[in-house]
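Chain residues, written in single-letter form:
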Amino acid sequence: MMAADSENGTRMGTTQPLDDWYRPEIPRKELKLLMTRGDWKGFANFGLWLACLAGSGFLAYAAVGSYWALPAFFLYGTIYSSCDARWHECAHGTPFRTRWLNETFYFLSSIMNMKEGTYMRWSHTRHHTETIMVGLDPEIQVMRPANLGRVLLDFLWIPDAIQMFRVMILHALGAPTKEARDFVPQSEWQKMFWWSRCYLFLYAAMIVWSVAIKSWLPLLFFPLARLYGGWLHQLFSLTQHAGLAENVRDHRLIEHHLFPMVPFHALPNLHERVEGVLPHTYSGLMEAFREIVPALIKQSKDATYFVLRELPQDAVTELSSHEKESSGGIITAGEGTHYA
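Residues numbered from 1 in each chain as written. Predicted model: local features only at pLDDT ≥ 70, side-chain atom pairs only at ≥ 80, totals over all residues. Heavy atoms only, no water.

Caption draft 1: Highlighting the overall build of the protein. Each helix and strand counted, the protein has 16 helices and 3 strands in total. For the protein, buried positions account for 47% of its 340 residues. Here the analysis covers contacts within the protein between residues at least 6 apart in sequence; of these, 71% occur between residues at least 24 apart. Of the accessible surface of the protein, which amounts to about 17,400 Å², a share of 65% is contributed by carbon and sulfur atoms. (Helix = DSSP H or I, 4+ residues; strand = E, 2+ residues; numbered from the N terminus. Buried < 20%, exposed > 50% of the residue type's maximum accessible area, 1.4 Å probe, protein only. Contact = heavy atoms within 4.5 Å. Areas by Shrake-Rupley, 256 points an atom, 1.4 Å probe, with all protein chains shown as cover.)

Next comes the structure, spelled out in structure tokens:
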């Protein structure tokens, strides 16, 4: 991550070391090679995205006044909403080797995503150091018991957008939220306050523009596209955390958290390198959601339920006392090790 969880290198409110998660060991030289960044691969990915965004935006504008406007804006919004994935990669500082390029695209995608960049950089740092740790992780996607209505609304990104605007309004007024006091260093507060004011000014300007010309078009292009086009991002996002156990410090169960400084283009190589010590890899979205949907339905009624993931033989993960009480602890069965 580009930021530590606190200025003194320890997690706020705890005496545990900054990173005590279990992860597979990779030789230093091999890991360094996997972590190699380059500007051209970043430009190829982000450039193609911007080209698709411009092309779909032109189609949407040209279709205004016809029935083609609905599918055209749907396409534009879907492409626009992948700004969230790019915000995430730039938060790790990995798409580009050149720092200012990462920062430029980080703030562009943050504004498009309606996520204030300073606050969310530190929030995401905490998320990586305290993943699905109840009371510490500010980005647990589905809290237990699962609220199925919120899960569905997240396909339009409505709950998170409301929460983010609450944060930005308070920060624009110079009042740090409880969460910001917890994980954002005080030295970053003024920057966080001023960026919140800039974001809100920009969004207000778009509203004024739409009112002045008596048209929804400016807002449909920015920033509302993040709402009506967010379905695909949510579809992929749910596969990363939904239904998993809480308070388990083993990154093998959350593969994309294993080595967060590995660039997106090297992830297939990383997966091939560590696949032998990971749980079963899903063949696609259909297989994943055949497990996720029933799990979320069960979690809406039983807060102690979670998806059972089998680790390879002799791969043991330590459960929290809460999970042990809920499940009876670690169970060894057949050729693998279960936690449940």
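From this point on, the discussion continues.
Caption draft 2: Here's a closer look at the packing of helix H5 (residues 99-113) against helix H10 (residues 189-213). With their axes 11 Å apart at the nearest point, H5 and H10 run at an angle of 55° to one another. The pairing of H5 with H10 is recorded here as oblique in orientation. The way H5 lies across H10 gives a crossing that is right-handed. Side by side, H5 and H10 meet where Phe107, Ser110 and Ile111 of the first sit next to Trp195, Tyr199, Leu202 and Tyr203 of the second. (Axes fitted to C-alpha atoms, helices over the stretch in contact; angles between N-to-C directions. Parallel < 35°, antiparallel > 145°, perpendicular 65-115°, else oblique. Left-handed = near helix turned anticlockwise from the far one by under 90°.)

Caption draft 3: Representation of the nonpolar core within the structure. Within the largest apolar cluster, 44 residues are counted, with the highest numbers of intra-cluster contacts made by Tyr76, Tyr80, Tyr106, Tyr119, Val184, Met192 and Tyr203. Setting aside residues no more than four positions away along its own chain, Met192 makes contact with Glu116, Thr118, Tyr119, His171, Ala180 and Val184. (Core = buried A, V, L, I, M, F, W, Y, C linked by side-chain atoms within 4.5 Å.)

Caption draft 4: A look at a nonpolar patch on the surface. On the surface, Phe58, Leu59 and Leu75 cluster together into a nonpolar patch covering about 320 Å² of accessible area. As for its position among the elements, Leu75 is in helix H3 (residues 69-80). The partly exposed category is assigned to Leu75, whose relative accessible area is 42%. (Patch = residues over 30% accessible without salt bridge, like charges linked within 9 Å, V, L, I, M, F, W, Y side chains within 5 Å. Salt bridge = Lys/Arg side-chain N within 4 Å of Asp/Glu carboxyl O.)

Caption draft 5: Spotlight on the packing of helix H2 (residues 39-62) against H3. As a packed pair, H2 and H3 sit with axes 8 Å apart at the nearest point and diverge in direction by 160°. In terms of axis orientation, H2 runs roughly antiparallel to H3. The element H2 and its partner H3 pack so that their crossing is left-handed. From H2, Trp49, Cys52, Leu53, Ser56, Gly57, Leu59 and Ala60 reach across to H3, where they touch Ala72, Phe73, Leu75, Tyr76, Ile79 and Tyr80. Looking at the contact of H2 with H3, its residues break down into 11 nonpolar, 2 polar and no charged. (Nonpolar A, V, L, I, M, F, W, Y, C, P; charged D, E, K, R; others polar.)

Caption draft 6: The pattern of salt bridges, seen in detail. Counted according to the given criterion, the structure contains 12 salt bridges. Between Glu103 and Arg121 there is a salt bridge; the shortest N-O distance is 3.0 Å. Taken together, the positions of Glu103 in helix H5 and Arg121 in helix H6 (residues 117-129) put the pair 18 residues apart, joining distant regions of the chain. Of the residues examined, Arg121 reaches a relative accessible area of 11% and is grouped as buried. Where salt bridges share partners, they join Asp84, Lys115 and Arg226 into one cluster.

Caption draft 7: Quick look at unusual backbone geometry. Geometrically, the link from Arg144 to Pro145 is a cis peptide bond, its omega value of -10° lying close to zero. In this fold, Pro145 is placed in the loop between H6 and helix H7 (148-153). Cis geometry marks the peptide bond from Phe222 to Pro223; its omega dihedral reads 5°. Position of Pro223 among the secondary structure elements: in the loop between helix H11 (217-221) and helix H12 (225-228). For Met114, which is not glycine, the phi torsion reads 55° and is therefore positive. Position of Met114 among the secondary structure elements: in the loop between H5 and H6. Positive phi is not limited to glycine here, since Ile132 has a value of about 55°. If you trace the backbone, Ile132 turns up in the loop between H6 and H7.

Caption draft 8: Spotlight on the packing of aromatic side chains. Enumeration according to the criterion identifies 18 aromatic pairs in this entry. With a centroid separation of 5.5 Å and an interplanar angle of 50°, the aromatic rings of Tyr119 and Phe183 are classed as tilted. Taken as a pair, Tyr119 in helix H6 and Phe183 in helix H9 (residues 178-183) lie far apart in primary sequence, 64 residues in all. Take Phe183: its relative accessible area is 2%, and that puts it in the buried class. On the basis of an interplanar angle of 55° and a centroid distance of 5.5 Å, the ring pair of Phe165 and Tyr203 is categorised as tilted. (Phe/Tyr/Trp six-rings, centres within 6.5 Å; stacked < 30°, edge-to-face > 60°.)

Caption draft 9: Representation of the confidence of the model for the protein. Here the protein averages 88 in pLDDT, while 86% of its residues score no lower than 70. Within the model, the stretch residues 1-18 combines pLDDT values under 50 with 48 contacts to residues more than four positions away or in other chains. (pLDDT = per-residue confidence, 0-100.)

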